[in-house]
Number of protein chains: 2
Amino acid sequence: MSDQDKGYITEASMTDLWNLWITELHQGKSGLTFKVSRILESVQSDFQRIEVIETEDFGTTLVLYGSLMASEKDTNAYNEMIAHVPLFVHPKPEEVLIIGGGDIGSATNVLMHPEVGRCTVCEIDKMVVDVSKKYFPRLTKGLADPRCNMVYQDGKLFVKDAKEKFDVVILDLSDPVGPAADLFQKSFHQQVHDMLNKDGILIAQSESPLFNQETVKMMYKNLKEIFPIVRMYTCHMPIYPSCLWSFAFCSKKYDPLEDFDAARYENTNLSDCQYYNDQIHFASFALPTYVQKLIE
Amino acid sequence: MSDQDKGYITEASMTDLWNLWITELHQGKSGLTFKVSRILESVQSDFQRIEVIETEDFGTTLVLYGSLMASEKDTNAYNEMIAHVPLFVHPKPEEVLIIGGGDIGSATNVLMHPEVGRCTVCEIDKMVVDVSKKYFPRLTKGLADPRCNMVYQDGKLFVKDAKEKFDVVILDLSDPVGPAADLFQKSFHQQVHDMLNKDGILIAQSESPLFNQETVKMMYKNLKEIFPIVRMYTCHMPIYPSCLWSFAFCSKKYDPLEDFDAARYENTNLSDCQYYNDQIHFASFALPTYVQKLIE
């Protein structure tokens, strides 16, 4: 390099300038931050911004409206826990409905159960499914299963108009902001209750018990007014705010621990599972004292 | 404000410029970030940098060598889990030794047990204790207990020279970098084994099972060569990297589940506990499948 070139950026040093981070904050005060190695997709659907990025620690990652939803290396805890907990409790989970869940991760786990006759996925945003299919082959494996019944519709309208009944309904929603906000309301939960068979189970993702305490309190209060059995369980999810995520197990009949079907667990192929197992099934219902107090 | 003053920063807008963040990264790739409202202390001891900061979400926070150690509002999961799990398993935990633990959080929890005759805390860095005493009255409550025996010494030397035997030893160490590195070695664990009574229990904090997998694998392999019973348990700790933290329960005789003393649990005042309870005691030993595989 001649003296007169000094001060210019060479090709090598330009490569080193790449320093992109995505940070998801809780009320602007604290959160998770991830170094981004590449942007794979950045599009706007009719409903939200959709990005697919590659993060250095968690691989290819789906980001909706700026919020991290799923990644290749996040242990898949959320999807496994939202699906297998109800599926091993309901003795005959033939008809399953997922509202939301456009990355298909929860449906793929539901479809590991041979007892399931049909898994309907009602996702408002087809573009989320299309993008997920392109970038997340493991998450979207279930799409190839003939029992997977995709419906692209607003979950609120689907539930309002539905004639059929379900054994298990899973509310696999994004946060109660944006398109999913109405689906966190009590009136919607009542409608879901009414579309369940008389021994049906509803699982609703119920946000972070550390960061979303007001939402958690209100949701459990409402759900307890609708279902006779309401229990919280949690998982560790490394890309979600606070890394602690909760689910409401709402049931007309079955208890999540007493009615766990150990024989069926032994006979189900869970070799793709990274997080869920029978011990975790039971343990996930034990809550730290500060979480117990929230939902008492 | 006259026209000629426009463009100057007014007092009000200067206040708004405060935008300080502390970010703790895993290998520079992802991590936790916290908005800092105030710096309360920033000193250099003989061993490390010590900061006390106020974060907006977690309140007053102790930071050693840039790593967040404890805060007012972190649920106290780490301190409660490292102390109560062994204390409710050992039937007569009279002599307890904590190596590290300069913020006194673990000792304060140990001293909730009336069975404990003496809790020796061997901390290399007196300045950590002094700073903690000044800023963390709840964590350091145990200092006022006459059974609390502070020793300011290198844990390695203390263990090498110790004549007495202990019922429970707790390795409440910072990460295996800096002053604590040697205390993660097998030879040190062997020495600790030898200073335990013949039914003694060792608890060692064993890092994040998500982010420190190589350390975890090596540590458990080594500990299993020393102790007949080695089990991992975990907790959710919102200010530690990945928010998932693990502990090695190493025992010469007692099983962490079978030997849990339910009667003593009922009779112990745990009203200061935010995280630990009897259900969590059992549940914390259930491990996600990917964690089980690490330590098989």
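Everything below is about the structure printed above this text.
Residues numbered from 1 in each chain as written. Chains lettered and ligands numbered in written order. Predicted model: local features only at pLDDT ≥ 70, side-chain atom pairs only at ≥ 80, totals over all residues. Heavy atoms only, no water.

Here we look at the layout of surface pockets
Residue and element names in this part refer to chain A.
No. 1: Volume-wise, the largest pocket comes out at about 590 Å³.
No. 2: As for the largest pocket, its lining consists of 39 residues, and the residues nearest its centre are Tyr 65, Met 69, Leu 173, Ser 174 and Asp 175.
No. 3: Put simply, the parts of the chain that give the lining of the largest pocket at least two residues each are β1 (20–26), β4 (59–64), β5 (67–71), α2 (77–87), β6 (95–100) and β7 (118–123).
No. 4: Residues belonging to the lining of the largest pocket are distributed by class as follows: 19 nonpolar, 13 polar and 7 charged. (1 Å grid on protein atoms, 1.4 Å probe; cavity = no way out; pocket = protein on both sides within 12 Å on 5 of 7 lines; lining within 4 Å. Points joined across faces, edges and corners; volume = space filled by probe spheres on them. Helix = DSSP H or I, 4+ residues; strand = E, 2+ residues; numbered from the N terminus. Nonpolar A, V, L, I, M, F, W, Y, C, P; charged D, E, K, R; others polar.)

Focus: the side chain of Ser 174 of chain A
No. 1: By secondary structure assignment, the location of Ser 174 of chain A is in the loop between β9 (166–172) and α6 (186–194).
No. 2: The residues touching Ser 174 of chain A, leaving out its near neighbours within four places in the chain, are Tyr 65, Met 69, Ala 180, Phe 184 and Gln 205 of chain A. (Contact = heavy atoms within 4.5 Å.)

Topic: the sheet that holds strand β11 (residues 229–236) of chain A
All names here are of chain A.
No. 1: Judged by pairing direction, the sheet is mixed, and its 7 strands sit side by side in the order β8-β7-β6-β9-β10-β12-β11 without closing on themselves. What marks the edges here is a single partner per strand, and that holds for β8 (148–152) and β11. Recorded for the sheet is a direction-independent mean angle of 15 degrees between the axes of neighbouring strands.
No. 2: Pairing analysis gives 5 bridges linking strand β10 (residues 196–205) to strand β12 (residues 244–251), with the strands arranged antiparallel. For Ala 204, the partnering residue across the bridge sits in β12 and is Ala 248.
No. 3: Helix-sheet contacts for α2 involve β6, β9, β10, β11 and β12, and the interaxial angle to β11 is about 150 degrees.
No. 4: Of the strands in this sheet, β10, β11 and β12 are in contact with helix α7 (residues 213–226), which crosses β11 at around 145 degrees. (Pairing = 2+ DSSP bridges. Axes fitted to C-alpha atoms, helices over the stretch in contact; angles between N-to-C directions.)

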